[in-house]
Amino acid sequence: MDNSQSQGTQGNSQLDATINALQGGLANAAGAAGPNISGWIKTLQGNPQFSGISSELQNLHDALSSGASDTGALSRSLSTLGEHTSKAADSATPDAQDKLRQLGQALSSAAGQLKG
């Protein structure tokens, strides 16, 4: 398997793990959030096509790491990530498109949960 196939497999595994965590609700996702977000930042690092997602992930990671409970900021960050992720699906490989759309929807839904 060449490196791009390996990265694709890793990316799909990360997509599955992230979707599964978010489908369990925000409380379930919170415990895995830090390592999951860090993993995504590392995966997307150096890819200019995903710089907006990477930057927003860093904002979310910083907000969560600070211990601040600004749910408005967290909601906005999740909403932005949902939009960027859904848009990224348009240019993704066929095997990742549905998962990216599903993840984008889950992020947007999580943002809505925080807005209450």
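This section reports on the structure supplied with the text. Residue positions are given per chain, counted from 1 along the sequence in the order it is written. The model is predicted, so local features are restricted to residues of pLDDT at least 70 and side-chain atom pairs to those at 80 or more, both for listing and for counting; the totals for chains, interfaces and linings are taken over all residues. As a rule here, side-chain values cover all heavy atoms of the structure and leave hydrogens and water aside.

### A closer look at the overall build of the protein chain
Scanning the protein chain from N- to C-terminus turns up 5 helices and 0 strands. The N-to-C order of helical and strand elements in the protein chain reads α-α-α-α-α. Contacts between residues were defined by any pair of non-hydrogen atoms, one from each residue, lying within 4.5 Å. Expressed as a percentage of contacts within the protein chain between residues at least 6 apart in sequence, the contacts between residues at least 24 apart total 57%. A total accessible area of about 6,600 Å² is found for the protein chain, and carbon and sulfur atoms account for 51% of it. Numbering goes from the N terminus for both helices and strands, where a helix is a DSSP run of H or I of at least four residues and a strand is a run of E of at least two. All accessibility values rest on the Shrake-Rupley procedure with a 1.4 Å probe; residue burial counts only the protein chains present in the view.

### What to know about the pattern of salt bridges
Any carboxyl oxygen of Asp or Glu that lies within 4 Å of a side-chain nitrogen of Lys or Arg is treated as forming a salt bridge with it. In this structure the tally under the stated criterion is 3 salt bridges. Put simply, arginine 101 and aspartate 90 hold a salt bridge, and the shortest N to O gap is 3.6 Å. Of this pair, arginine 101 sits in helix 5 (residues 94–115) while aspartate 90 sits in the loop between helix 4 (71–89) and helix 5, placing them 11 residues apart in sequence. Summary of the burial criterion: residues with accessible area below 20% of their type's maximum are buried, those above 50% are exposed, and those between are partly exposed, where the area comes from a 1.4 Å probe applied to protein chains only. The exposed category is assigned to aspartate 90, whose relative accessible area is 56%. Within the structure, one salt-bridge network assembled from shared partners comprises Asp90, Asp98 and Arg101.

### Thoughts on the environment of alanine 111
Along the chain, alanine 111 falls in helix 5. For alanine 111, a relative accessible area of 3% translates into the label buried. Taking the C-alpha atoms as reference, alanine 111 lies 9.4 Å from leucine 26; in sequence the two are 85 residues apart. For alanine 111, the contacting residues outside a window of four places in its chain are Ser75, Leu78 and Ser79.

### Here we look at the nonpolar core
The term nonpolar core refers to a set of buried residues drawn from Ala, Val, Leu, Ile, Met, Phe, Trp, Tyr and Cys, joined through side-chain atoms within 4.5 Å. Membership of the largest hydrophobic core comes to 26 residues, with the highest contact counts inside it found for Leu22 and Leu57. At the level of elements, helix 1 (3–23), helix 2 (26–44), helix 3 (51–66), helix 4 and helix 5 are the ones that each hand at least two residues to this core. The biggest single contributor to this core is helix 5, with 7 residues.

### Observations concerning helix 4
To estimate how far a helix should reach, multiply one less than its number of residues by 1.5 Å. The terminal C-alpha atoms of helix 4, which comprises 19 residues, lie 27 Å apart, in line with the 27 Å expected from a rise of 1.5 Å per residue. Within the span of helix 4, buried status applies to Leu74, Ser75, Ser77, Leu78, Leu81, Gly82, Thr85, Ala88 and Ala89. Angular distribution of buried residues about the axis of helix 4 spans 160°; they occupy a single face of the element. What points out from helix 4, more than 90 degrees from its buried face, is the exposed set Arg76, Glu83 and Lys87. Directions from the helix axis toward the C-beta atoms define the arc.

### Re helix 5
The periodicity of an α-helix, 3.6 residues per turn, causes residues three or four positions apart to be oriented the same way. With 22 residues, helix 5 ought to run about 32 Å at 1.5 Å a step, and its terminal C-alpha atoms sit 33 Å apart, in line with that. Three or more residues of helix 5 are buried, namely Ala96, Leu100, Leu103, Gly104, Ala106, Leu107, Ala110 and Ala111. The buried residues of helix 5 all sit within an arc of 165° when viewed along its axis, so they share a single face. With respect to the buried face of helix 5, the exposed residues turned more than 90 degrees away are Pro94, Asp98, Gln105 and Lys115.

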